[in-house]
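Structural characterization, general
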Amino acid sequence: MATMFDRAKLDTGALDIKPLTPAIGAEIHDIDLGAPDTAQRIPEIRAALLKYGVIFFRDQNLTQEQHIAFARHFGDLEVHPATPKDQPNPEVLRIAHGPKSRGQENYWHSDVTWREKPSLGSILLAREVPECGGDTLFANMHLAYERLSEQMQRICEGLTAVHDIARVFAKRLDKAPADLHERFPPIRHPVIRTHPETGEKAIYVNTAFTSHIEGLSEKESAWLLDHLYATAKDAEIQCRFRWQAGSIAFWDNRVCQHLAASDYFPARRVMERVTIAGDRPYFTP
Ligand SMILES: [Fe+2]
């Protein structure tokens, strides 16, 4: 059943907005996110985030402190366990690849779904980009849900899936799963979540962190997850963003998934992410 949310009614004020595709994503021009009057533009920017799922800005050469200050307008900030302990700004997660490390973010996912309260959104700022390649793709998982048959929607709406940090970070942080689980135990989330601000329903399982769907056999769980993961690959629910140094992508982690194309090795790509804490996912029929 379609939700009653009407994106056309969201007031994005005087923002200069150019949508990327009808499904998701918009570039916002003529704004300096480091300017002192940014605080007054936050309601418009928040509306644009809800309206487009992911919003992009160009030529924002913010300091780390300005990046953090901008993100704080939208909520409390997270510190990722992959952030080095001695880093001066622990809220900034640096994602750097080059000749010694191939990009690893080339799978469809939402961020930190292994948290009890996964993030509301991420604000990713490009510091250094390859001459070409390293694009990020975004998929609107509400539209993915809407494209399921009604029968499949009903089946998925009653299900719960388990999300596990160890699936990605045991190897990356060189830690035993049991050690990671002391701080971040595997966590249950609804397979379909209701967006807390728009009321839209979205598919909320992802290839990175979801281990299985509860109450199904191993084979049934794997089959259904594969089917749901594949929905993100539909070109008609996606947009693709080409980065420049100083570009920002700000995505609503509750409704979209993303994938960073890892096609630029051995060139360098250095990004900094500040992540806004979110709510516990829930489902309302
Ligand atoms: Fe990510």
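Residues numbered from 1 in each chain as written. Predicted model: local features only at pLDDT ≥ 70, side-chain atom pairs only at ≥ 80, totals over all residues. Heavy atoms only, no water.

Looking at the sheet that holds strand E11 (residues 210-213)
- Spatially, E8-E7-E11 is the arrangement adopted by the 3 strands of the open sheet, whose pairing is antiparallel. Two strands in the sheet have a free side with no partner beyond their single neighbour: strand E8 (187-190) and E11. Taking each pair of neighbouring strands and ignoring which way they run, the sheet shows an average axis angle of 35 degrees.
- Sheet topology note: the strand E7 (residues 160-163)/E8 ladder contains 4 bridges and is antiparallel. Note that in E8 the partner of histidine 163 across the bridge is isoleucine 187. (Pairing = 2+ DSSP bridges. Helix = DSSP H or I, 4+ residues; strand = E, 2+ residues; numbered from the N terminus. Axes fitted to C-alpha atoms, helices over the stretch in contact; angles between N-to-C directions.)

Looking at the layout of surface pockets
- By volume, the largest pocket is sized at about 490 Å³.
- Along the walls of the largest pocket sit 31 residues, with Leu93, Ile95, Glu105, Arg172 and Arg273 positioned nearest its centre.
- Looking at the lining of the largest pocket, the elements that each hand over two or more residues are strand E4 (92-97), helix H5 (166-172), strand E14 (256-260) and strand E15 (269-276).
- By residue number, the principal contributor to the lining of the largest pocket is E4, which donates 6 residues.
- Reported here for the second largest pocket is a volume of approximately 240 Å³.
- In this structure, the second largest pocket is lined by 13 residues; those nearest its centre are His80, Pro81, Lys85, Lys175 and Arg183.
- For the lining of the second largest pocket, the class distribution of residues is 7 nonpolar, 2 polar and 4 charged. (1 Å grid on protein atoms, 1.4 Å probe; cavity = no way out; pocket = protein on both sides within 12 Å on 5 of 7 lines; lining within 4 Å. Points joined across faces, edges and corners; volume = space filled by probe spheres on them. Nonpolar A, V, L, I, M, F, W, Y, C, P; charged D, E, K, R; others polar.)

A few points about the nonpolar core
- Counting 41 residues, the largest nonpolar core has Phe138, Val191, Ile203, Val205 and Leu228 as its most contacted members.
- Among the elements that make up this core, the one with the highest residue count is helix H7 (residues 218-230) (4 residues).
- Core analysis: the second largest hydrophobic core is formed by 27 residues, Ala71, Leu120, Ile123 and Val274 among them. (Core = buried A, V, L, I, M, F, W, Y, C linked by side-chain atoms within 4.5 Å. Buried < 20%, exposed > 50% of the residue type's maximum accessible area, 1.4 Å probe, protein only.)

Focus on the coordination of the iron ion
- Only His109 (NE2), Asp111 (OD) and His258 (NE2) from the protein reach the iron ion as donors, at distances of 2.2 Å.
- Mapped onto the sequence, the donors of the iron ion take the spacing H-x1-D-x146-H. With histidine 109 in the loop between E4 and strand E5 (121-128) and histidine 258 in strand E14, this pair connects stretches of sequence that are 149 residues apart.
- In this structure histidine 109 comes out as buried when scored by relative accessible area, which is 7%.
- Taking the relative accessible area as the measure of exposure, histidine 258 reaches 6% and is therefore buried. (Donors = N, O, S within 2.8 Å, 3.2 Å for Na, K, Ca; no water.)

Description of the sheet that holds E4
- With mixed pairing, 7 strands are arranged side by side in an open sheet as E1-E2-E3-E13-E5-E15-E4. Edge strands, defined here as strands with exactly one partner in the open sheet, are strand E1 (16-19) and E4. Each strand axis lies, on average, 25 degrees off the axis of its neighbour in the sheet, ignoring direction.
- The pairing of E5 with strand E13 (residues 248-252) spans 5 bridges and is classified as antiparallel. Looking at E13, one finds that glycine 121 is bridged to aspartate 252.
- Here helix H2 (residues 64-72) sits on the sheet and contacts E4, E5, E13 and E15; the angle it forms with E15, its principal contact strand, is near 35 degrees. (Contact = heavy atoms within 4.5 Å.)

Thoughts on helix H4 (residues 150-157)
- Burial in H4 covers these residues: Met152, Gln153, Cys156 and Glu157. One side of H4 carries all its buried residues, which in axial view fall inside an arc of 135 degrees. Exposed residues lying more than 90 degrees from the buried face of H4 are Glu150 and Gln151.
- If you follow the buried residues of H4, they end up packed against helix H3 (141-146), strand E9 (192-194), strand E10 (201-203) and H7. (Arc of directions from axis to C-beta.)

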